Amino acid sequence: MQLNKTPLAWLLLSVFAVVIPHARHLSVWVILAVCLIITWRVQIFRGRWSIPKRWTKLILVSGSILGLKLLYHSLLGLEPMVALLITSMVLKLLEMYRQKDAMAVVLLCFFTTAAQFLFGQTALDFFYGLFCSLLLLATLVSLNRNGSRQTQNNLAVGLRLAIQCLPVMLFLFFFFPRIGSLWSVPLPQNTAKTGISNVISPGDISRLAQDGGKAFTATFNNTIPTNEQLYWRGLVMSEFDGRQWSLNRWSSASAGGIVKWQGQSIKGRAMDWYNRAQRESKPIEYQIILEPTQQQWLYALPLADLTLGASGTTRDFTTIYHTPIAKRLVYRVESTLSYKIEPQQLPSWFRQRNLSLPEGYNSKTVAMAQKWRAEGARPGQIIDRFLSMITRDYTYTLEAPLLARDSVDDFLWNTKAGYCEHYASAFVVFMRAAGIPARVVAGYQGGEKIEDFIQVSQADAHAWAEVWLEGEGWKRVDPTAAIAPERVRSGVRAVFDRSVRNPLSMEAYRHIDLLNRLRLQIDVFNYRWQTFVLNYNSDRQLSLVQKIFGAKNLWQMAFMVSSVIVLCVAIFVLLAYLKQRPNALAPEIKAIRRLEKKIAKLGLVRRPGETVSQFLTRAGHRLPRQAKSLQEILLNFEKVTYQNQPQHLTALKTQIEQFKAR
């Protein structure tokens, strides 16, 4: 059957709706192709364009595959495969003529809707996916009504079908064993990386801060530390080429660096550096929900101990994950804010690595540092003198001027204006030139307190320094705290009212009270969604089943859940049987049926559509000796049935029992 206007309109609306959330990762050429094909399908229905011939279809399919190959360089990957699915779905529209073809497109739309959760699992993604599912259900209803007069309330019928499925969906969510999700598939390596990268140049952190966007959220078990204590350590950079800071291979697991993995036993002297960390205060406990970054490093307050499997601690005491983080990651941390790391001595090779500087760069800075050291100043005095120097005539700004080849010289002695990475880089170079081991640390500082959790934004991205002092070990020194103490004490928003310049980020509109309150409510809702829905794991499920059913392990939980499922199915089957079973007959009808069986033994059968009166009258003609008895039976039957005189029912049953057909 050819499609009518109404089901075709529902179908095209559904196709367009399910493609919208994929626009964030599809190439613009794929989006244009989708729009073109939907327009072509509309023109076919209007009779303006014709259905493509076989050779045209061959060209379209071949061109699509070749185009995707050129766009993504390979069809083996998550993004190209989703693009291929969408392209196949819209191409099917061009050869769609009958109802069965439309059904195939609807099934592809359901797959496309499910595929959107590979790229995002926020509350907005869920509700939009639910909206697309309702549209598709309405489309199925419209397709099944194709050619009939019932064309209204398709969406209402689809909604009713969805509501009927809701109890089953909730039961499966809460009690079906958690075996991992489809969206645990890692994203391809060419996906854009977010957050702090493994290379920092002058201006990188300031540009990141202006882009905005959520980095992670943290929930503390007890009291939240002060803003000055919230240094979220990310990665340590020890390699400097004169302009850029980068990781060294000892901090990179992929390059064979030194890593102490979670659960790894420590034997001999191989991990002495890990044992030399001294924790001098009671640890604080908290949970972090980290947004996807496509990077390996994790963020935590120092000195961090993670309970996350497949995580590790590098030689620089940074925490890393075994693979790039392609989906939201939840992990619990214990951090000790008062500590000493390697306070006695450093291995000579490690010390030298944190003192090295490239030759031929920043000669003025190197000469000044060596002069201070030659004057007999101790490391602590050099640090204090440098911090005192930058508090005079220096500016803390998001829009620092471009720097020359000798970036540190140009910054310290010429421009004197920069963001945190400028000050951290200059400080570390100066310390190294003075013979003090130092390194740059990149991460986040502070965060925004929203209800009972801390939300850390890309605007909170920060860089600071660590220096090694004998007897104290690695000590954090933040030059920004000297030049702009409010940045550390109260956060970046206390220094820059509108630090985020990205118009697509709601943080850019913090100065508008209504939009800012809306942003906060959205952030709270997303956090609750992440905590109570997406983080509903097997442990929480087992805890819930234990409270409800008393199960103590996974096998008991599986047995309990299976029993409930079997019981629910049995109840459903029983209700369906009772609903389909014919209604019980009235007692007078049952009595007449017994009479019919007696008369049928003589070969006289009641005809289809024949009334009781007609049948008994005909039987009286065939059985003249019993005609009087049959008339009395008919009279009592009519009194019970039509005259509402139930007192004659007993007489009717007695007459039928005494009737002998002969």
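Quick caveat, the model's predicted, so the values are computed rather than measured.

Draft legend 1. Structural context of the overall build of the chain. From N to C terminus, the chain includes 23 helices and 20 strands. The C-alpha atoms of the chain give 38 Å as radius of gyration, which overshoots the globular expectation for 662 residues (26 Å, by more than 25%). Seen through its principal axes, the chain has C-alpha atoms that stretch 145 × 65 × 50 Å. For the chain, with 662 residues in total, the buried portion stands at 45%. Counting only carbon and sulfur atoms, one obtains 58% of the accessible surface of the chain, whose full area is about 34,600 Å².

Draft legend 2. A look at the sheet that holds strand β5 (residues 245-246). Read from one edge of the open sheet, 3 strands run β1-β5-β4, paired in antiparallel fashion. Two strands in the sheet have a free side with no partner beyond their single neighbour: β1 (199-200) and β4 (239-240). Alignment of β4 against β5, held across 2 bridges, turns out to be antiparallel. Bridging across to β5, Glu 239 finds its partner in Ser 246.

Draft legend 3. Representation of a nonpolar patch on the surface within the structure. Taken together, the side chains of Val 168, Leu 172, Phe 176, Ile 565, Val 569, Phe 572 and Val 573 present a nonpolar region at the surface, about 640 Å² in accessible area. Counting only elements with at least two residues in the nonpolar patch, the list comes to α7 (154-175) and α19 (554-580). When residues in the nonpolar patch are grouped by element, the largest group, 4 residues, is from α19. Exposure remark for Val 168: the relative accessible area of 51% places this residue in the exposed category.

Draft legend 4. Representation of helix α2 (residues 28-46) within the structure. With 19 residues, α2 extends 27 Å from end C-alpha to end C-alpha; this agrees with the ideal 27 Å at 1.5 Å per step. When we look at burial in α2, the residues that qualify are Val 30, Val 34, Ile 37, Ile 38, Trp 40, Arg 41, Gln 43 and Ile 44. Positioned one or two residues after α2, Gly 47 has a phi angle of 85°, which is positive.

Draft legend 5. Focus on unusual backbone geometry. Each neighbour pair has its own omega, and for Pro 302 with Leu 303 the value is -20°, a cis peptide bond. Tracing the backbone through its elements, the reader meets Leu 303 in the loop between β8 (284-290) and β9 (304-306). A positive phi angle, close to 50°, is found at Asn 362, a residue other than glycine. Secondary-structure assignment places Asn 362 in the loop between α10 (348-353) and α11 (363-374). Using a relative accessible area of 2% as the deciding quantity, one classes Asn 362 as buried. Despite not being glycine, Lys 416 shows a phi value in the positive range, around 55°. With respect to the secondary-structure elements, Lys 416 resides in the loop between α13 (407-415) and β15 (417-418).

Draft legend 6. Molecular detail of the pairing of strand β2 (residues 214-220). For β2, the tally of buried residues reaches 6 of 7 residues, placing the bulk of the element in the interior. By the bridge criterion, 4 bridges tie β2 to strand β18 (residues 453-457) in an arrangement that is antiparallel. Residue pairing for β18: Thr 217 is matched across the bridge by Gln 455. For β2 and β8, the ladder comprises 5 bridges, and the chain directions are antiparallel. Note that in β8 the partner of Phe 216 across the bridge is Leu 290.

Reading guide: rules and limits
Residue indices begin from 1 for each chain and proceed along its sequence in written order. Reporting in this predicted model follows two pLDDT cut-offs: at least 70 for local features of residues, and 80 or more for side-chain atom pairs to be given and counted; totals over whole chains, interfaces and linings ignore these cut-offs and use all residues. Where side-chain values are given, they derive from all heavy atoms of the structure, hydrogens and water being excluded. Secondary structure counts use DSSP, requiring at least four H or I residues in a row for a helix and at least two E residues in a row for a strand, with both numbered from the N terminus. For this measure, only C-alpha atoms enter the radius of gyration; the expected value for a globule follows 2.2 Å times N^0.38, where N is the number of residues. Burial classes follow relative accessibility: with a 1.4 Å probe on protein chains only, a residue under 20% of its type's maximum area counts as buried, one over 50% as exposed, and anything between as partly exposed. In this description, accessible areas are obtained by the Shrake-Rupley approach with a 1.4 Å probe, and a residue is regarded as covered only by the protein chains that are shown. Two strands are said to pair when DSSP picks up at least two bridges between them. Without a salt bridge and with relative accessible area above 30%, a residue can belong to a patch; like charges are then joined within 9 Å and nonpolar side chains (Val, Leu, Ile, Met, Phe, Trp, Tyr) within 5 Å. Any Lys or Arg side-chain nitrogen found within 4 Å of a carboxyl oxygen on Asp or Glu counts as a salt bridge. To estimate how far a helix should reach, multiply one less than its number of residues by 1.5 Å.

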